[in-house]
Amino acid sequence: MEISVNLSTRFPHILSSPLPSSFSAGSSLPALRPSHNSATAAKTTITIVVKEQTPATALISRRNHKSNSYLSRKSAVLQVQQSSDLASSLQRFGGILKVQDLNAILRHFGEQNRWPDLSQLFNWMQQHGKTSVSSYSSYIKFLGKSLKPLKALEIYNNITDESTKTNVFICNSVLSCLVRNGKLDSGIKLFDKMKQNGLTPDAVTYNTLLTGCIKVKRGYSKALELVQELKHNGLQMDSVMYGILLAVCAANSLHEGAESYFNCMKDEGHSPNPFHYSSLLNAYSSVGNYEKADELVQEMKSSGLVPNKVILTTLLKVYVRGGLFDKSRELLAELDTLGYAEDEMPYCLLMDGLAKAGRLDEAKAVFSELKEKSVKSGKSPPLDDDLFLQDL
DNA sequence: ATAGGGTTAG
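None of the values given here were measured: they were computed from a predicted structure. (Residues numbered from 1 in each chain as written. Chains lettered and ligands numbered in written order. Predicted model: local features only at pLDDT ≥ 70, side-chain atom pairs only at ≥ 80, totals over all residues. Heavy atoms only, no water.)

Describing the nonpolar core
We apply this condition: Definition used in this section: a nonpolar core is a set of buried Ala, Val, Leu, Ile, Met, Phe, Trp, Tyr and Cys residues joined via side-chain atoms within 4.5 Å. Summary of the burial criterion: residues with accessible area below 20% of their type's maximum are buried, those above 50% are exposed, and those between are partly exposed, where the area comes from a 1.4 Å probe applied to protein chains only. The contact definition used throughout considers only heavy atoms, calling two residues in contact when any of these lie within 4.5 Å.
Counting residues in hydrophobic clusters, the biggest one holds 92 residues, and the most contacted among them are Leu121, Tyr156, Met194, Leu210 and Tyr347. Not counting the four nearest positions on each side in its chain, Tyr156 is found in contact with Lys165, Ile170, Cys171, Val174, Leu190 and Met194.

Some thoughts on the protein's contact with DNA strand B
Basically, it comes down to this: Near is defined per residue: the residue qualifies when any heavy atom it owns lies within 4 Å of the molecule or strand. Whenever a nitrogen or oxygen atom comes within 3.5 Å of another N or O atom, the pair is scored as a polar contact, on the condition that within protein one atom can donate a hydrogen and the other can accept it, and that pairs from neighbouring residues in sequence are kept only if both atoms are in side chains. Starting at the N terminus, helices and strands are each numbered in turn, a helix being any DSSP run of H or I of at least four residues and a strand any DSSP run of E of at least two. Nonpolar residues are Ala, Val, Leu, Ile, Met, Phe, Trp, Tyr, Cys and Pro. Charged residues are Asp, Glu, Lys and Arg, and all others, Gly as well, are polar.
Taken together, 42 residues are adjacent to DNA strand B, and Asn172, Asp202, Asn207, Lys317 and Arg321 come closest. Considering DNA strand B, the proportion of its atoms within 4 Å of the protein that are sugar or phosphate atoms stands at 51%. One nitrogen or oxygen atom from the main chain of Pro274 is found 3.5 Å from a base oxygen belonging to DNA strand B. Of all the secondary-structure elements, those providing two or more residues to the surface near DNA strand B are α5 (99-111), α7 (133-145), α10 (168-180), α12 (203-212), α14 (239-251), α16 (274-285), α18 (309-321) and α20 (345-356). When the residues that make up the surface near DNA strand B are grouped by side-chain class, the tally is 13 nonpolar, 20 polar and nine charged.

Observations concerning the packing of aromatic side chains
The criterion, for reference: In summary, the pairing rule links any two rings of Phe, Tyr or Trp, Trp by its six-membered ring, whose centres are within 6.5 Å, and it sorts them by plane angle into stacked for under 30 degrees, edge-to-face for over 60 and tilted for everything else. Lysine NZ or arginine CZ positioned within 6 Å of the ring centre and within 35 degrees of the ring normal marks a charge as sitting over the ring.
Applying the stated criterion across every chain yields a total of five aromatic pairs. Ring plane angle 15° and centroid distance 4.1 Å describe the contact between Phe122 and Tyr139, whose orientation is recorded as stacked. With Phe122 in helix α6 (residues 115-127) and Tyr139 in helix α7, the pair connects residues that are 17 residues apart, well separated along the chain. The exposure class of Phe122 is buried, given its relative accessible area of 0%. With a centroid separation of 5.5 Å and 65° between ring planes, the pair formed by Phe262 and Tyr277 is classed as edge-to-face. Taken as a pair, Phe262 in helix α15 (residues 255-267) and Tyr277 in helix α16 lie far apart in primary sequence, 15 residues in all. Residue Phe262 shares its accessibility class with Tyr277, and that shared class is buried. Through successive ring pairs, a cluster of aromatic residues spans Phe122, Tyr136 and Tyr139. One Lys or Arg, Lys165, reaches over the ring of Tyr156 and ends 5.4 Å from the middle of that ring.

Topic: a positive patch on the surface
Stated formally: Only residues whose relative accessible area exceeds 30% and that form no salt bridge enter a patch; like-charged residues are grouped when within 9 Å of one another, and nonpolar side chains (Val, Leu, Ile, Met, Phe, Trp, Tyr) when within 5 Å. Each accessible area is a Shrake-Rupley result for a 1.4 Å probe, and residues are judged covered by the shown protein chains and nothing else. A pairing counts as a salt bridge when a side-chain nitrogen of Lys or Arg comes within 4 Å of a carboxyl oxygen of Asp or Glu. Charge assignment in this entry is limited to Lys and Arg as positive and Asp and Glu as negative, and neither His nor the chain termini are counted. A single reference atom marks each charge: NZ on Lys, CZ on Arg, CG on Asp, CD on Glu.
Taken together, the side chains of Arg107, Lys141, Lys145 and Arg180 make up a positively charged region of the molecular surface. Relative to the assigned elements, Lys141 resides in helix α7.

Shown next as structure tokens:
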């Protein structure tokens, strides 16, 4: 059976809008070929050949239908992601998108820091009943990243379904959002409520709260309480947990505690990674113990790890705190050679140490070097020559 | 289908 159709009159939108980029020629479109049997037809007339279906072709047809719907969903995801008018593209494509597609778009917006789009999409998903647990945990995580902990709490508090409210992923997201925004105490209070409501915390839950102990006063004793609780709940210490505890020790200048956790984790069969080495080095920096720091970096190298920018910058901090300024300058030169001195941090470390040791001329010399090299200043305000000299 | 956790300065 053959049917001739004039596409330009029947399906004008096919001709006027470009095919989505994910369509490749001849992929899984119905058999289309130009009409040869009508000399009078316009160029846009094509013939669609519809073959009679046998059971076998029916199966193929069902498969093609499935893959067509997958292709059109995939292209709709791209259209929505790239759209400059989210509301209208959701109106156009929202109907064919499944929750998992919308979650992928949500994560895409979050990774690109497109906060207004993120919220607009989540609102749309809620209004159309197209959310899952993953939507909530992703959205709340990104609200934490965009510094909107109150908004995250509002979303969480408006969840009515009890099992959703005590879902460990969602709870971890909310807690992480609070901790990230400096609200550890509120986080711990909420954590207690969550447990009362039936949350079974896991290692990630505890690690989230332990992270909050890094930059907080009395953080070490809070961390110890959490460790006690997680062990009581039958949870094991994992590699990330050791990393956080090492950071807590470093932040509280507890180099002996850090050393003991470091050895403990090795005894339990966890190989230290750059995070662990960096935190232990940082703990050594508080007492300027450069012998132990050098030894540790050697150990790191012989384990097959290459010291990265953070490791070498932290080692510089140890040298500076230990008063080894010649060694510090050598290491700073090495950092520069490796391309690790593109921002101001290592220079600031050295200048700070020199200034505190009363070696002002040397500090000024480092400052001049910093200015000559057009070093980037990151988040902090640019260094001002006059202000700096005033401080000296 | 499938989300949530760790490192460097003042």
